[in-house]
Amino acid sequence: MTIPHDVLQSEIDKRVANTRALMAERGYDALIVYGNNKLSGSLRYLTDYFPDRAGWISLTGTETAIVDGAGAFINASDPPVLLVDPGLMPTREICVSEIMAGEGFAATKGDGLSVQNLEKLITDTGSVKRIGIETFDKFPAPIYAGIIEKFSDIEIVRSTIVEELRMVKSEFDLEMFRKAGRIADLGHETIVNLLKENGVGVTELEIIRAAEHAMRTANPIYEDSCSSSPSLICTGHPVAGALLHLPNPAKTVHRGDIVHWDICMRFEGYPIDNARTRCMGPVADKHKRAYEAVLEIQRAIIEAAKPGILASKLVDLAEQMAIDRGFKLWDRFLGHGLGWDIHERPDMGIEELPLKENMVLAIEPRLAVDNIYLFGNEDMVHVTKDGGVSFSSFPKEPLEI
């Protein structure tokens with residue numbers, strides 16, 4: 001683990017305190033923060049635990065359970081409690097003193113994240129009138145139904161407290177993003193060197209795997225890449241109807257191709273989400289104009305990423321700039337908020353949410369030419385009062401290799 005445990009524990013203690021302050025403000029006597037194998041951001045934000053596997057486990061000779069999730073139970077004063085699905089166990093030192101879980105892969109009904117354990121925690125809290133559930137849309141229906149049945153007099157509602165807190169990053173978070181950005185730069189450097197040395201004939205899968213191997217080597221701890229946002233690539237023409245697609249092991253790079261890659265990994269849970277573009281040989285005039293437009297759009301959007309501007313207005317600006325230059329913003333997509341689940345709020349497509357200082361955005365304008373090639377770059381950007389500041393510095397030019 002690269003972060004000293006006491007440093008991370010101090011950061012998480014602050015997050016829990018901030019969560020409790022909002023709980024009091026909104027009248028929650030308790031909060032259940034749920035996370036699963038794909039969406040664990042809010043859970044990890046308060047515990048540093050993420051469920052790293054999923055599947056089935058036998059509870060009795062005739063009963064099985066699907067396992068992939070965990071929850072943190074927080075009230076006004078007691079230490080937070082982590083409840084882990086039967087069959088799952090923490091695989092790293094985490095920042096919670098009390099854990100309810102099965103023993104290894106052996107479990108019995110009621111272990112971990114269960115109606116029985118939540119009933120005990122709610123009852124022990126005493127005088128509970130209102131409970132919030134975070135990541136409510138993915139919370140397991142059987143557990144929700146069981147709580148409703150046990151506590152018919154308690155109001156149980158969808159909470160966005162942690163979701164909101166996560167959007168504005170602390171100095172601790174920002175420093176982790178800076179380190180993540182440097183690892184992203186290494187991934188880009190690896191790809192460009194590979195393309196320079198033997199780009200013609202290399203497969204899409206070889207390109208992406210080379211970058212991921214380099215980034216994993218620089219970040220020698222266990223972290224899955226990201227099941228919710230894997231690395232993607234486009235070397236020309238759609239695959240399964242998508243220009244930006246999973247790397248195809250049978251698709252090779254040819255002379256004159258435009259190679260656009262979007263690498264996604266993690267650094268201590270923090271996202272690495274970055275993209276660059278290169279051309280394998282002389283650049284056609286139409287392609288040159290498209291890439292120059294991308295560079296102008298991205299510079300303008302990063303500069304405009306200041307507190308107060310609506311997230312959706314950034315897309316309007318990017319789209320108009322593309323139209324003025326004879327193009328169209330690809331899928332009217334510009335980017336998203338960045339955090340532990342990678343694609344997070346604010347959604348820069350439609351969300352009319354004013355940006356705040358110390359948000360982090362993935363700003364990734366793209367232009368498609370003839371539905372064959374994609375031109376674009378993606379930077380992880382820190383929102384400051386003076387405009388956006390990129391965490392990644394790998395050069396976007398020259399386009400031609």
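Up top is the structure these notes are about.
Thresholds, definitions, all that
Residues numbered from 1 in each chain as written. Predicted model: local features only at pLDDT ≥ 70, side-chain atom pairs only at ≥ 80, totals over all residues. Heavy atoms only, no water. Helix = DSSP H or I, 4+ residues; strand = E, 2+ residues; numbered from the N terminus. Buried < 20%, exposed > 50% of the residue type's maximum accessible area, 1.4 Å probe, protein only. Contact = heavy atoms within 4.5 Å. Core = buried A, V, L, I, M, F, W, Y, C linked by side-chain atoms within 4.5 Å. Arc of directions from axis to C-beta. Pairing = 2+ DSSP bridges. Axes fitted to C-alpha atoms, helices over the stretch in contact; angles between N-to-C directions. Phe/Tyr/Trp six-rings, centres within 6.5 Å; stacked < 30°, edge-to-face > 60°. Expected span 1.5 Å × (residues − 1).

J.: For this particular structure, what's the right way to read the environment of Met 321?
T.: Among the secondary structure elements, Met 321 is positioned in helix H9 (residues 311-324). Using a relative accessible area of 12% as the deciding quantity, one classes Met 321 as buried. In sequence terms Met 321 and Ala 293 are 28 residues apart; their C-alpha atoms lie 8.0 Å from each other. The residues contacting Met 321, other than those within four sequence positions of it, are Glu 296, Ile 297 and Ala 300.

J.: I'm lost on the nonpolar core in this one. Help?
T.: Ranked by internal contacts, the top residues of the largest apolar core, which has 65 residues, are Tyr 49, Leu 82, Leu 195, Ile 207, Val 259, Trp 261 and Ile 272. Of all the elements, helix H6 (residues 171-198) adds the most residues to this core, at 11 residues. Contact partners of Tyr 49, with chain neighbours within four places excluded, come to Leu 43, Arg 44, Ala 70, Leu 82, Val 84, Leu 88, Met 89, Pro 90 and Ile 94.

J.: Got a minute to help me understand helix H4 (residues 141-150) in this structure?
T.: Every α-helix carries 3.6 residues per turn, so stepping three or four residues along brings you back to the same face. Listed as buried for H4 are Ile 143, Gly 146 and Ile 147. All buried residues of H4 lie within an arc of 100° about the axis, which places them on one face of the element. Away from the buried face of H4 by more than 90 degrees, exposed residues Ala 141, Pro 142 and Glu 149 are located. If you follow the buried residues of H4, they end up packed against strand S1 (30-36), helix H3 (115-125) and strand S8 (155-159).

J.: For this particular structure, what's the right way to read the sheet that holds strand S18 (residues 387-390)?
T.: What links the strands of a sheet is backbone hydrogen bonding, and the strands pair in either a parallel or an antiparallel sense. In spatial order, the strands read S13-S12-S14-S17-S18; together these five strands make up an open sheet with antiparallel pairing. Across the chains shown, the open sheet's two edge strands, defined by having one partner strand only, are strand S13 (344-347) and S18. When strand polarity is set aside, the average angle formed by the axes of neighbouring strands in this sheet is 35°. By the bridge criterion, two bridges tie strand S12 (residues 335-337) to S13 in an arrangement that is antiparallel. The partner of Gly 337 across the bridge, within S13, is Glu 344. Across the sheet, helix H8 (residues 285-304) touches strand S14 (360-363), strand S17 (379-384) and S18, and the angle it forms with S18 is around 115°.

J.: It is not clear to me how the environment of Glu 397 should be interpreted in this structure. Could you clarify?
T.: Inspection of the secondary structure assignment puts Glu 397 in the segment after S18. The class for Glu 397 is exposed, based on a relative accessible area of 51%. Counting along the chain gives 106 residues from Glu 397 to Tyr 291, while the straight-line C-alpha distance between them is 9.8 Å. Beyond its immediate stretch of four places on either side in the chain, Glu 397 contacts Arg 278, Tyr 291 and Leu 295.

J.: When you look at the pairing of strand S3 (residues 64-67) in this model, what are you seeing that I'm missing?
T.: Each regular strand shows side chains that alternate between the opposite faces of the sheet. In S3, alternate side chains face the same way, and those of Ala 65 and Val 67 are buried while those of Thr 64 and Ile 66 on the opposite face are not. For strand S2 (residues 55-58) and S3, the ladder comprises four bridges, and the chain directions are antiparallel. What sits directly across from Ile 57, in S3, is Ala 65. Taken together, S2 and the strand that follows it, S3, pair antiparallel across an intervening segment of five residues.

J.: Mind showing me how you'd approach the packing of aromatic side chains here?
T.: In this description, a pair of aromatic rings is defined by centroid distance and the angle of the planes. Considering all chains together, one arrives at six aromatic pairs under this definition. Ring geometry for Tyr 34 and Phe 139: centres 5.6 Å apart, planes at 85°, overall edge-to-face. Pair noted here: Tyr 34 is in strand S1 and Phe 139 is in the loop between strand S7 (130-134) and H4, with a separation of 105 residues, a long-range link. The class of Tyr 34 is buried, set by a relative accessible area of 3%. With a centroid separation of 5.6 Å and 20° between ring planes, the pair formed by Phe 177 and Phe 391 is classed as stacked. Here Phe 391 lies in the segment after S18 and Phe 177 lies in helix H6, a separation of 214 residues in the sequence. Like Phe 391, Phe 177 is buried. An aromatic cluster of three or more residues is present, and its members are Tyr 45, Phe 177, Tyr 270, Trp 340 and Phe 391.

J.: I keep staring at H8 and nothing clicks. Help me out?
T.: An ideal rise of 1.5 Å per residue puts 28 Å on 20 residues; H8 measures up with 29 Å between its terminal C-alpha atoms. Here H8 has its buried residues at His 287, Ala 290, Tyr 291, Ala 293, Val 294, Leu 295, Ile 297, Gln 298, Ile 301, Ile 302 and Ala 304.

J.: When you look at unusual backbone geometry in this model, what are you seeing that I'm missing?
T.: In this chain, Arg 345 is followed by Pro 346 through a cis amide linkage whose omega measures 5°. The residue Pro 346 is located in strand S13 in this model. You will see that Glu 268, though not glycine, has its phi angle at about 50°, which is positive. Relative to the elements of secondary structure, Glu 268 occurs in the loop between strand S10 (258-267) and strand S11 (270-279). The class of Glu 268 is buried, set by a relative accessible area of 3%. Positioned with a positive phi, Asp 370 is a non-glycine residue whose angle comes to about 60°.

This is a description of form; function is not addressed.
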